Amino acid sequence: MNPVLTIPDFAPVLPEIILAAGALVLVLFGAIRGERSGEGMNFIALALLAVAFVAVLMLPSERVETMGGSFVVDSFAKFMKSLTLLASAGGVILSMDYMRREGIYRFEYPILIVLSTLGMMMVISANDLIALYLGLELLSLSSYVIAAFDRDNVRSTEAGLKYFVLGSLSSGMLLYGASLVYGFTGNVSFPAIAGILQGQVGLGAIVGVVFVAAGIAFKISAVPFHMWTPDVYEGSPTPVTAFFAAAPKMAGMAMATRVFIDAFPNILGQWQQIIVFISIASMALGSFAAIGQRNLKRLMAYSSIGNVGYALIGLAAGTVEGIQGVVVYMAIYLAMTLGSFAVILGLRRGKVMFENIEDLSGLARTHPVLAFCLGMMMFSLAGIPPLAGFFAKFAVFNAAINANLVALAIIGVVTSVVGAYYYLRIVKVMYFDEPGAAYDAMPVGVKFVLALSSIFVVLFGIVPAPLVAAAGAAARSLF
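Note that the structure is a prediction, hence the values are computed from the model and not measured.

Caption draft 1: Inspection of the overall build of the chain at higher detail. Along the backbone of the chain there are 19 helices and four strands. Over its C-alpha trace the chain gives a radius of gyration of 21 Å, about what one expects of a compact globule, namely 23 Å for 479 residues. Its C-alpha atoms give the chain principal-axis dimensions of about 75 × 60 × 40 Å. Taking all 479 residues of the chain together, 61% fall into the buried category. Long-range contacts, defined here as pairs at least 24 residues apart, represent 81% of the contacts in the chain between residues at least 6 apart. Looking at the chain as shown, the accessible area adds up to about 17700 Å², and 70% of this sits on carbon and sulfur atoms. Taken as two groups, the 26 positive and 25 negative side-chain charges of the chain have centres that lie 5 Å from each other.

So this is what it looks like as structure tokens:
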């Protein structure tokens, strides 16, 4: 008897269809117009991201599976896709003036951002190992190219090559882990794997979970798979670094959360140990290794490693409260990161960009508003109340304590205190060192991103309820 061919429901995949179709149109437009396509491509890409964002908001909040069960939409997917689209839009806006002034603008850049975002959204909604890998590769291949986008710059091409080589290794590890999980369960679907892996499971399946965790850890630049991050962040064009620090982190944490909570919920005791180790190592390295950094982009690389460690505390808890903490943390981290990189992009005199901490000397006297905004970002990243960063860390620490992971929460607090040193050192340089020459006026797009980020960082401490409620609904949809 021949199986009946059924047409899947395409409505839950509408945002991805919009981005895929839009990317094809952009490629065609760019191929016809060539370099004459100009910066209008950026605005078309932003319009695509905006339309996809609206489509995401219109998706149903209840869990819906389609594409033979390989694609799932729920409140968690909606929330994380919204963050990812906002991060990608921020990356495009921050790049507009920079690419033109550096003479490296090409029409392919916004297309690669859109394709990378499409890969991220596929990863967030992946409900089996094959869909997860396909989305991850689309994200990765696009990222390798934009890391080396300044092809006449040795540092940029080196960054792209390092990212490609190490990224390929991590993809192989993830694929090997996925094949082991499939081999010992006979399924690639997350719900089916969850139904089979219960209680005491075989060593082979555990090894598979370890390799899957290793592949995921690379994508979110968690220790010990962080080695690519400082060099890629420093070598890539600054707007690309801002994009890497924001958008793929949203997708990576969403991927880690869905894989462990959806596919391995019944073996929490086994994978919790892995996440706890990765979390502690990331927090420790992110705090101590950043102390000696002089380059702002390398410092932000180590900061992102540390922040991933804090977010993983919530995942290690394995509870609704813990996942809510992860979602809140990533939303706040997005605002702090985009705001910080907006200021770094503002450090320009003519054709010269400045990236060192010493270049912020006396910024409070030459650019008081800029210094105040960056100071807020640094205080927030350090977790000082009443700014948003304090509530982000409080959410994950509280979830860890309620899940009896008190030692993990204490280590998080201690590393936060250590990390506060290099954040506050930036504030000291801006407000107490002798000023240098003034920088050029910031482009309008960069000002816009900085303003929105600053408002969010301040207002969250005053009106936290809407975001916390949305994050709670997102977390509950996974359980």
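Having put the structure on the table, let's press on.
Caption draft 2: Main features of the packing of helix α13 (residues 320-345) against helix α15 (residues 368-382). The interhelical angle for the contact between α13 and α15, taken along N-to-C directions, is 145°, at an axis separation of 9 Å. In the crossing of α13 with α15, the sense of the turn from one axis to the other is left-handed. Here Ala335, Met336, Gly339, Ser340 and Val343 of α13 lie close against α15, whose contacting residues are Leu370, Leu374, Met377, Met378, Ser380 and Leu381. Grouping the amino acids of the contact of α13 with α15 by side-chain chemistry returns eight nonpolar, three polar and no charged.

Caption draft 3: Just the side chain of Ser416, in detail. You can see Ser416 is positioned in helix α17 (residues 406-432). Ser416 gets classed as buried once you look at its relative accessible area, which sits at 10%. Not counting chain neighbours up to four residues away, the residues in contact with Ser416 comprise Tyr310, Ala382, Lys393 and Phe397.

Caption draft 4: Layout of unusual backbone geometry. Of note, the amide linkage connecting Val223 to Pro224 takes the cis form, showing an omega dihedral of 5°. Structurally, Pro224 can be placed in the loop between α8 (203-219) and α9 (229-235). Following Pro385, the chain continues into Pro386 via a peptide bond in cis, with omega recorded as 5°. With respect to the helices, strands and loops of the structure, Pro386 is situated in the loop between α15 and α16 (388-402). Phi at Met67 takes a positive value of approximately 55°, unusual for a residue other than glycine. Here Met67 is to be found in the loop between β1 (64-66) and β2 (71-73). Relative accessible area serves as the criterion here: at 31%, Met67 is assigned to the partly exposed category.

Caption draft 5: Broad picture of the packing of helix α2 (residues 40-57) against helix α3 (residues 75-102). As a packed pair, α2 and α3 sit with axes 10 Å apart at the nearest point and diverge in direction by 165°. With respect to α3, the element α2 is oriented roughly antiparallel. Classified by chirality, the crossing of α3 by α2 is left-handed. Residues Asn42, Phe43, Leu46, Leu49, Ala52, Phe53, Val56 and Leu57 of α2 touch α3, and the partners they reach there are Lys78, Lys81, Ser82, Leu85, Leu86, Ser88, Ala89, Val92, Ile93 and Met96.

Rules behind the numbers
- Residues numbered from 1 in each chain as written.
- Predicted model: local features only at pLDDT ≥ 70, side-chain atom pairs only at ≥ 80, totals over all residues.
- Heavy atoms only, no water.
- Helix = DSSP H or I, 4+ residues; strand = E, 2+ residues; numbered from the N terminus.
- Rg over C-alpha atoms; globule rule 2.2 N^0.38 Å.
- Buried < 20%, exposed > 50% of the residue type's maximum accessible area, 1.4 Å probe, protein only.
- Contact = heavy atoms within 4.5 Å.
- Areas by Shrake-Rupley, 256 points an atom, 1.4 Å probe, with all protein chains shown as cover.
- Lys, Arg positive; Asp, Glu negative; His and termini not counted.
- Charge placed at Lys NZ, Arg CZ, Asp CG, Glu CD.
- Axes fitted to C-alpha atoms, helices over the stretch in contact; angles between N-to-C directions.
- Left-handed = near helix turned anticlockwise from the far one by under 90°.
- Nonpolar A, V, L, I, M, F, W, Y, C, P; charged D, E, K, R; others polar.
- Parallel < 35°, antiparallel > 145°, perpendicular 65-115°, else oblique.

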